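Structural features, examined
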Amino acid sequence: MAERAAGELPGGFAVPEPRDRYEVWLECNRWSSARAAWLRTRLDAAAALPTISLVMPVYRPEPAFFERAIETIRAQVHERWELCIADDASGDAALSARLRELAAADPRIRVVTRAENGNISHATNSAAALAGGEFLCFVDQDDELAPDALGEIALALAAAPDADLLYTDDDKIDTGGRRYAPQFKPDWSPELLLSWMYVGHALVVRRSLFATLGGFRAGFEGSQDFDFALRAGEQARRVLHLPLLSLEAFCATLPAQAQPVAVALIDQHRIAAVNAAAATCGVRPGMKRATALALVADLRLADTDTARDAAALQAVAHTALAFTPAVTLQDAQTVLLEVQASLRLF
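Residues numbered from 1 in each chain as written. Predicted model: local features only at pLDDT ≥ 70, side-chain atom pairs only at ≥ 80, totals over all residues. Heavy atoms only, no water.

**With respect to the overall build of the protein chain**
As a reminder of what qualifies: Runs of E in the DSSP output that reach at least two residues are strands. Runs of H or I that reach at least four are helices, and both are numbered from the N terminus. Relative accessibility under 20% of the residue-type maximum defines a buried residue, over 50% an exposed one, and the middle range a partly exposed one, all with a 1.4 Å probe and only protein chains included. Contact definition: two residues touch when any of their heavy atoms are within 4.5 Å. Per-residue and other accessible areas were derived by the Shrake-Rupley procedure at a 1.4 Å probe size, with only the shown protein chains allowed to occlude residues.
Regarding its fold elements, the protein chain presents 13 helices and nine strands. In the protein chain, buried positions account for 45% of the 346 residues. Within the protein chain, residue pairs in contact and separated by at least 24 positions form 76% of the contacts whose partners lie at least 6 positions apart. Roughly 17,700 Å² of accessible area belongs to the protein chain as shown, and the carbon and sulfur atoms make up 55% of that amount.

**Let's talk about helix α2 (residues 33–45)**
Operational definition: Given a helix with a known number of residues, its expected span is that number minus one, times 1.5 Å. Think of the arc as the fan of directions from the helix axis to the C-beta atoms.
Spanning 13 residues, α2 covers 18 Å between terminal C-alpha atoms, matching the ideal 18 Å at 1.5 Å per step. Ala36, Leu39 and Leu43 are the residues of α2 that are buried. Along the axis of α2, the buried residues cluster in a sector spanning 65°; they form a single face. Among the exposed residues of α2, those oriented more than 90 degrees off its buried face are Ala34, Trp38, Asp44 and Ala45.

**Concerning the side chain of Arg114**
Our working definition: Contacts described as polar in this section are N or O atom pairs within 3.5 Å, which, within protein, must combine one atom able to donate a hydrogen with one able to accept it, while residues neighboring in sequence count only if both atoms come from side chains.
With respect to the secondary-structure elements, Arg114 resides in the loop between β3 (109–113) and α5 (119–128). At 2.8 Å, the side chain of Arg114 forms a polar contact with the side chain of Ser126. Not counting chain neighbours up to four residues away, the residues in contact with Arg114 comprise Asp87, Asp88, Ala89, His122, Ala123 and Ser126.

**A few points about the pattern of salt bridges**
Using the following cut-off: Any Lys or Arg side-chain nitrogen located within 4 Å of an Asp or Glu carboxyl oxygen qualifies as a salt bridge.
Tallying each qualifying case throughout the model produces 19 salt bridges. A salt bridge links Glu82 to Arg110; its shortest N-O distance comes to 3.3 Å. In this pair, Glu82 sits in strand β2 (residues 81–87) while Arg110 sits in strand β3, placing the two residues 28 residues apart along the sequence. Assessed through its relative accessible area of 33%, Arg110 is described here as partly exposed. Taking the shortest distance from any N to any O, the salt bridge between Arg179 and Asp171 comes out at 2.7 Å. Among the residues examined, Arg179 registers a relative accessible area of 23% and is labelled partly exposed. Look at the salt bridges and you will find they share partners, linking Glu134, Asp164, Arg206 and Arg237 into a network.

**Describing the nonpolar core**
Definition in use: Residues enter a nonpolar core if they are buried and are Ala, Val, Leu, Ile, Met, Phe, Trp, Tyr or Cys, with the set joined through side-chain atoms within 4.5 Å.
Residues Met56, Leu83 and Ile85 are the most contacted members of the largest nonpolar core, which totals 38 residues. Elements supplying a minimum of two residues to this core: α2, β1 (52–58), α3 (63–74), β2, α4 (93–105), β4 (135–138), α6 (149–159) and β9 (239–250). Among the elements that make up this core, the one with the highest residue count is α6 (seven residues). Apart from residues no more than four positions distant in its own chain, Met56 is found in contact with Phe66, Ala69, Ile70, Ile73, Leu83, Cys84, Ile85, Ala86, Ala127, Val139, Asp140 and Gln141.

**Some words on the environment of Ala181**
Residue position: Ala181 is located in strand β7 (residues 179–183). For the pair Ala181 and Asp171, spaced ten residues apart in sequence, the C-alpha to C-alpha distance is 5.4 Å. With residues up to four places along the chain from it excluded, the contact list for Ala181 reads Asp170, Asp171 and Lys172.

The structure is reproduced here in structure tokens:
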């Protein structure tokens, strides 16, 4: 028998071509009738489940992607949902007709058309005003929901009656239907939230808390959900992370000439959101570090009440980015470690 050369495989063997790890993961975790049956069994056994109001602002959506988004909502295993759509003065007769058709065909679908364009924050608030469910779930006009998304969200909320905020894992989907860039997210960390908006897609909030906070704020477009998450995280009694890839966010490429402008505006509003959160505890951009540390220390040591301690820890987190003109995770970690060390809280 002839000897094989070094590195040569035996006859009949071949090295498989490399595969994308996430594609393999999707194959191993594909939706099935067995999974659907198991979810229905759990839903039927639950004593009481909340109604979830999907909040969807729309503005001249691409029809094919919009229809796909609606299709995935209608395909939910858990049927106790309502879809609240606000058309942000699109001025599209075909879209208006389609929205009326959807509302007429399904009483769970509610539609309002804004008289004037108000951008995504105002449009989201208009859609939320239609909601009657206990919880709001924010979706974009081209997002796709996994079939078990609302069922698993409802079960998680029912099991945690004090939860006011919930977020899930997510990935992205391109125009060809390819799923990529999964985000398997960490559990709730207000410190991490200051430098990474990881709680969006899908973000669920108790409707009463949304009303208390005044909804989304204008002036943070592109980072309006980040601003809201920072404010909601401060007030929520409990924040849940549901480790479920519940939503596929459609990702289209902006025209090359529009990308720098869009990115710069989003970054500007992201930094504004962090600074606004810091201001709630008295920390201002440009404040000397020693002054801010003293402010946080006074807050931490002034009272041993649990609620006050929680507020102090949030103030520590907010301090982490208040001094950094460029908001980066490294800056956040560096300053936060200094704050923690000085107060000996951890």
